[in-house]
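Structural overview
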Amino acid sequence: MQIGINTFVTDEGISGPKLGVALEERGFESLLLAEHSHIPASRETPYPAGGDLPRIYYRTEDPFVTLAAVAAVTQTLIVGTGVTLLIQRDTIHTAKQAATLDRISNGRLLFGVGAGWNREEMANHGTDPRTRGALLDEQIAAIREIWTKDLAEYHGRFIDFDPIYAWPKPVQQPHPPIFVGGGAVAAQRAIRHGVGWIPLAVTDPAAIPAQLAELDGNDLPISVVGAAPDPAIFDAYAEAGVQRLTLTLPTLPESETLEKLDEFAKVADSYLSAR
């Protein structure tokens, strides 16, 4: 099992390139970035974690731009979206952005996608929250067509285009790994598409078998995000066959971020050296 970091990169915390270099120096495998295009001033959708919406949601940088900058100053770090709110994006443009990032990084992109939770944010992009799952299904399928076919076309209820030429193609073949973020519904979506799953880490190791049972025995890659630096959690997820576990890094100024990463690295190194 590999250990990485998931976080929000904003204009008020450490920069993406400095974070990427720091992660690679400390032996972390990956960096997964969250995405929100904006936060509507009038919002009725409750924050899933409860309470007030944290400040970082208002100030999140574009993940593809930031990860391209990270890729330019790193050599081995996996650069990923955790997750891209694909339903708020143009499908063809996003296919090109992601493929370009895979080329810039020389095949280090992990493409995490999700349907999101902020209904007002979706609506501002012209997305009907009631049909966002069906839209996401079509977008995943259409992007795979664009990535893998010289002459790609897709005809669905929401995504519909006649044959197109679209380059660049990704470095990774047949395409970068796709992971669907979320709970039980996301697990079923991953099964339908035959792609990876990104669930949110649980806090009790005893709950992990039940959580991963959502895949119904399908042998799909799993990248768990949001874990605490707890060796018991590491062990339980590793024993369950999880491919990757990421620790949630708070969005902090550079000096404080480096201190926190040193703390995380000690735990990760201790775990990895013991296995």
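Further up the page is the structure itself.
The text that follows walks through the structure, step by step, so that each part is easy to find. (Residues numbered from 1 in each chain as written. Predicted model: local features only at pLDDT ≥ 70, side-chain atom pairs only at ≥ 80, totals over all residues. Heavy atoms only, no water.)

Looking at the nonpolar core
Counting residues in hydrophobic clusters, the biggest one holds 68 residues, and the most contacted among them are I5, F28, L31, F111 and Y237. It is helix α5 (residues 132-148) that provides the largest number of residues to this core, a total of seven residues. (Core = buried A, V, L, I, M, F, W, Y, C linked by side-chain atoms within 4.5 Å. Buried < 20%, exposed > 50% of the residue type's maximum accessible area, 1.4 Å probe, protein only. Helix = DSSP H or I, 4+ residues; strand = E, 2+ residues; numbered from the N terminus.)

Section: the packing of aromatic side chains
Inspection of the entire model under this criterion finds eight aromatic pairs. Between the aromatic rings of Y47 and Y57, the centroid separation amounts to 5.4 Å while the plane-to-plane angle is 75°, which identifies the pairing as edge-to-face. Residue Y47 is located in the loop between β2 (30-33) and α2 (63-72), and its partner Y57 is located in the loop between β2 and α2; the two are separated by 10 residues in the primary sequence. Look at F64 and F111: their rings are 6.4 Å apart centre to centre, the planes differ by 40°, and that puts the pair in the tilted class. Remark: F111 occurs in strand β4 (residues 109-114) and F64 occurs in helix α2; sequence separation between them is 47 residues. In terms of burial, F64 and F111 fall into one category: buried. Put simply, the rings of F8, Y47, Y57 and W117 pair up and form one aromatic cluster. Note that K169 overlies the ring of W167, its terminal NZ or CZ placed 5.3 Å from the centroid. (Phe/Tyr/Trp six-rings, centres within 6.5 Å; stacked < 30°, edge-to-face > 60°. Lys NZ or Arg CZ within 6 Å of the ring centre and 35° of its normal.)

Quick look at the packing of α2 against helix α3 (residues 91-104)
Running from N to C, α2 and α3 cross one another at 10°; their axes reach a closest spacing of 9 Å. Relative to α3, α2 is oriented roughly parallel. Between α2 and α3, the residues in contact are F64, L67, A68 and A71 and T94, Q97, A98, L101 and I104, respectively. Considered class by class, the residues forming the contact of α2 with α3 number seven nonpolar, two polar and no charged. (Axes fitted to C-alpha atoms, helices over the stretch in contact; angles between N-to-C directions. Parallel < 35°, antiparallel > 145°, perpendicular 65-115°, else oblique. Contact = heavy atoms within 4.5 Å. Nonpolar A, V, L, I, M, F, W, Y, C, P; charged D, E, K, R; others polar.)

Side note on the pairing of strand β1 (residues 2-7)
Most of β1 sits out of view: five of its six residues are buried. Inspection of the sheet shows β1 paired to strand β10 (residues 244-248) by five bridges, in the parallel sense. By the bridge assignment for β10, N6 is matched with T248. Pairing of β1 with β2 involves three bridges; the strand directions are parallel. When the bridges of β2 are listed, T7 appears paired with L33. (Pairing = 2+ DSSP bridges.)

Describing the pairing of strand β9 (residues 223-227)
When a strand is regular, its side chains alternate between the sheet's two faces. The buried count for β9 comes to four of five residues, which makes it a mostly enclosed element. Direction of pairing for β9 relative to β10: parallel, over a ladder of three bridges. Bridge pairing in β10 links A227 to L247. The parallel pair β9 and β10 is bridged by helix α8 (residues 231-239), and the resulting crossover is right-handed. (Right-handed = clockwise from strand over helix to strand, strands pointing away.)

Things to note about the packing of α3 against α5
At a minimum axis separation of 10 Å, α3 and α5 run at an interaxial angle of 55°. With respect to their mutual orientation, α3 and α5 come out oblique. Between α3 and α5 the crossing geometry is right-handed. In this structure, α3 contributes T91, I92, A95, A98 and A99 to the contact, and α5 contributes Q139, A142, I143, I146 and W147. A breakdown of the residues in the contact of α3 with α5 according to their chemical character gives eight nonpolar, two polar and no charged. (Left-handed = near helix turned anticlockwise from the far one by under 90°.)

Regarding the pattern of salt bridges
Side-chain pairs of opposite charge can arise whenever the charged atoms involved come near each other. Scanning the model with the defined rule gives 14 salt bridges in all. Among the ionic pairs, R59 bridges to D11, the shortest N-O distance being 2.7 Å. Within this pair, whereas R59 is found in the loop between β2 and α2, its partner D11 is found in the loop between β1 and α1 (16-25), the two being separated by 48 residues in sequence. With its nearest N and O atoms 2.7 Å apart, the salt bridge here joins R55 to E12. In this pair, R55 is assigned in the loop between β2 and α2 and E12 in the loop between β1 and α1, connecting sequence segments 43 residues apart. Salt bridges sharing partners connect three or more residues here, namely D11, E12, R55 and R59. (Salt bridge = Lys/Arg side-chain N within 4 Å of Asp/Glu carboxyl O.)

Details of α3
An α-helix turns once every 3.6 residues. As a result, residues three or four positions apart point the same way. Taking 1.5 Å per residue as the helical rise, α3 with its 14 residues ought to reach 20 Å, and the 20 Å between its terminal C-alpha atoms agrees with that figure. Contacts from the buried residues of α3 go to α2, β3 (78-85), β4 and α5. Between the side-chain oxygen of the N-cap and the backbone nitrogen of I92 there are 3.2 Å, and the N-cap of α3 in question is D90. (Expected span 1.5 Å × (residues − 1). Polar contact = N/O pair within 3.5 Å; in protein donor to acceptor, adjacent residues only side chain to side chain.)

Here we look at the environment of Q173
Mapped onto the secondary structure, Q173 falls in the loop between β6 (160-164) and β7 (178-181). Overall, Q173 belongs to the exposed group, its relative accessible area being 62%. Once the C-alpha coordinates of Q173 and L272 are considered, the two residues, 99 residues apart in sequence, prove to be 29 Å apart. Separated by 3.2 Å, the side chain of Q173 and the backbone oxygen of P170 make a polar contact.

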